[in-house]
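What the coordinates show
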Amino acid sequence: MRAKSRSLDGHMDIQAHFHTWGQFVFSVTGVVRVSTDRATFLVPPSRGVWIPAGVVHAVTAVERCELRTLYLLNPPADAAAWASNRVLEVSPLLRELAVQMARDEVEPGDAVADREAWIGQLILDELRRAPTLQLGVALPTDKRLRRLCEAVLAEPMRHASLDDWAAEVGASARTVSRLFRQELGSSYAQWRQQALLAEALRLAARRKPMQVIAAELGYASASAFTAMVTRTVGMPPSRFFGHT
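Residues numbered from 1 in each chain as written. Predicted model: local features only at pLDDT ≥ 70, side-chain atom pairs only at ≥ 80, totals over all residues. Heavy atoms only, no water.

1. Structural notes on the environment of Ala154
Rules: For the purposes of this entry, the term helix denotes a DSSP run of H or I that reaches at least four residues, the term strand denotes a run of E that reaches at least two, and both are numbered from the N terminus.
Summarising the element assignment, Ala154 is placed in helix α3 (residues 143-154). Expressed as a C-alpha distance, the spacing of Ala154 and Ala195, which sit 41 residues apart in the sequence, is 9.5 Å.

2. Description of the sheet that holds strand β10 (residues 132-133)
Here is the rule: A pair of strands is considered paired only if DSSP assigns at least 2 bridges between the two. Contacts are residue-level and defined by heavy atoms, with any inter-residue pair within 4.5 Å sufficient. Simply put, an axis is a line fit to the C-alpha atoms, just over the touching stretch for a helix, and the angle between two N-to-C directions goes from 0 to 180 degrees.
Across the sheet, which stays open at both edges, the six strands sit in the order β1-β8-β3-β6-β9-β10 with antiparallel pairing between neighbours. Every interior strand has two partners, whereas the edge strands, β1 (2-8) and β10, have only one. Pairing of β1 with strand β8 (residues 65-72) involves seven bridges; the strand directions are antiparallel. The partner of Ser7 across the bridge, within β8, is Glu66. Against the sheet, helix α1 (residues 92-104) engages β1, β3 (22-29), β8 and β9 (86-89), with an angle of about 90° to β1.

3. Focus on a positive patch on the surface
The test is simple: Residues form patches when they are more than 30% accessible in relative terms and have no salt bridge. Like charges link within 9 Å. Nonpolar side chains (Val, Leu, Ile, Met, Phe, Trp, Tyr) link within 5 Å. In this description, accessible areas are obtained by the Shrake-Rupley approach with a 1.4 Å probe, and a residue is regarded as covered only by the protein chains that are shown. By salt bridge we mean one thing: a side-chain nitrogen of Lys or Arg within 4 Å of a carboxyl oxygen of Asp or Glu. The convention is simple: Lys and Arg are positive, Asp and Glu are negative, and His and the chain ends are not counted. Charge positions come from single atoms, namely NZ of Lys, CZ of Arg, CG of Asp or CD of Glu.
Judged by side-chain charge, Arg144, Arg147, Arg174 and Arg178 come together as a positively charged surface patch. Secondary structure elements with two or more residues in the positive patch: α3 and α5 (173-184). Checked against the element boundaries, Arg144 lands in helix α3.

4. Section: the sheet that holds strand β2 (residues 13-17)
Strand order in the open sheet formed by five strands is β2-β7-β4-β5-β11, and the pairing between neighbours is antiparallel. With one partner strand each, in any of the chains shown, β2 and β11 (137-138) form the two edges of the open sheet. With four bridges joining them, strand β4 (residues 32-35) and strand β7 (residues 57-61) adopt antiparallel strand pairing. What sits directly across from Val32, in β7, is Ala61.

5. Describing the packing of helix α6 (residues 188-205) against helix α8 (residues 222-233)
Spelled out, the test is: Here is the rule for angles: anything less than 35 degrees is roughly parallel, anything more than 145 is roughly antiparallel, 65 through 115 is roughly perpendicular, and the remaining ranges are oblique. Basically, the charged four are Asp, Glu, Lys and Arg, the nonpolar ten are Ala, Val, Leu, Ile, Met, Phe, Trp, Tyr, Cys and Pro, and anything else, Gly included, counts as polar.
Taken N-terminus to C-terminus, the directions of α6 and α8 make an angle of 110°; their axes are 11 Å apart at the nearest point. It follows that α6 is roughly perpendicular to α8 by the angle criterion. Together, Gln193, Gln194, Leu197 and Ala200 of α6 and Phe225, Met228, Val229, Arg231, Thr232 and Val233 of α8 make up the contact between the two elements. Of the residues that constitute the contact of α6 with α8, the class distribution is six nonpolar, three polar and one charged.

6. Quick look at the nonpolar core
Threshold: Throughout this description, the term nonpolar core refers to a set of buried Ala, Val, Leu, Ile, Met, Phe, Trp, Tyr and Cys residues connected via side-chain atoms within 4.5 Å. Here the term buried applies to any residue with accessible area under 20% of the maximum for its type, exposed to any over 50%, and partly exposed to those in between, with areas from a 1.4 Å probe on protein chains only.
Phe180, Trp191, Phe225 and Phe240 are the most contacted members of the largest nonpolar core, which has 60 residues in total. The element best represented in this core is α6, accounting for eleven residues.

7. So, empty space enclosed by the protein
Defined as follows: The way it works is a 1 Å grid over only the protein atoms, where trapped points that fit a 1.4 Å probe form a cavity and open points with protein on both sides within 12 Å along at least five of seven lines form a pocket, and then any residue with an atom within 4 Å of a point lines it. Grid points are joined across faces, edges and corners, and a volume is the space filled by probe spheres set on the points.
Inspection of every chain in the model, using the stated rule, returns two cavities of 30 Å³ or more. Taken as a whole, the largest cavity spans an internal volume of roughly 90 Å³. As for the largest cavity, its lining consists of 13 residues, and the residues nearest its centre are Leu42, Leu135, Gly136, Ala198 and Leu201. Residue assignment for the lining of the largest cavity shows that the elements contributing at least two residues are β5 (39-43) and α6. Grouping the amino acids of the lining of the largest cavity by side-chain chemistry returns ten nonpolar, three polar and no charged. Computed from the structure, the second largest cavity encloses a volume of approximately 50 Å³.

8. Here we look at unusual backbone geometry
Even without being a glycine, His11 presents a positive backbone phi close to 70°. Mapped onto the fold, His11 is located in the loop between β1 and β2.

9. Quick notes on α5
To keep things clear, this is the line we draw: To estimate how far a helix should extend, the number of its residues minus one is multiplied by 1.5 Å. The directions considered for the arc are those from the helix axis to the C-beta atoms.
Under the 1.5 Å per step criterion, the end-to-end length of α5 is 16 Å for twelve residues, consistent within 8% with the ideal 16 Å. Listed as buried for α5 are Ala173, Thr175, Val176, Leu179, Phe180 and Leu184. Viewed along the axis of α5, the buried residues span an arc of 155°, placing them on a single side of the element. Turned more than 90 degrees from where α5 packs its buried face, Arg174, Arg181 and Gln182 sit exposed.

Structure representation (structure tokens):
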């Protein structure tokens, strides 16, 4: 295991690339977006994304952030779940262990001291124990639908209806609906809920009150927003956003 730290200014990009080791990335402060060819993940400080070896990904700082990245020669466990991207909760212990290992900046090829080995074993145990969150917004391969999805993620409230979004990419609402089913296995409404949840995470990380977040995302009341979050992630906003 190796670790690195990196500061990113707001809207700074790390272009698409891959690693021969698996990677777990999270921010100590600020919100970062991690994107692969099939999904995008908005990551506040209380969450992290596991990226298997060989998976091409890009990183964008939504705002100024302090990244910490763990590189693992082997996944934390043999389970098939580690063969794909996962969003994990970052416990206070995991955060501090990763921060400490990154501070030591042990490079590949360097001798590993007993202290780094002990920290590494604790990190592996914390990763295995970390709860998995059903987060992430699926992305399609169809070019028109991809443009539409990325536009929604950038400005989710710019249009109120699918007809308006479809017109923006030169397609009919019927065509777009069919593409959502074919490419992502969901309806536009189901996909949009995930996109709104990602935007809610960003707003919550900026300490905006729940009523304000609900209003900015077009919900008539905080209770309606609470129902959506609870239905989508299985927990109320007070718990889901509690550590962002």
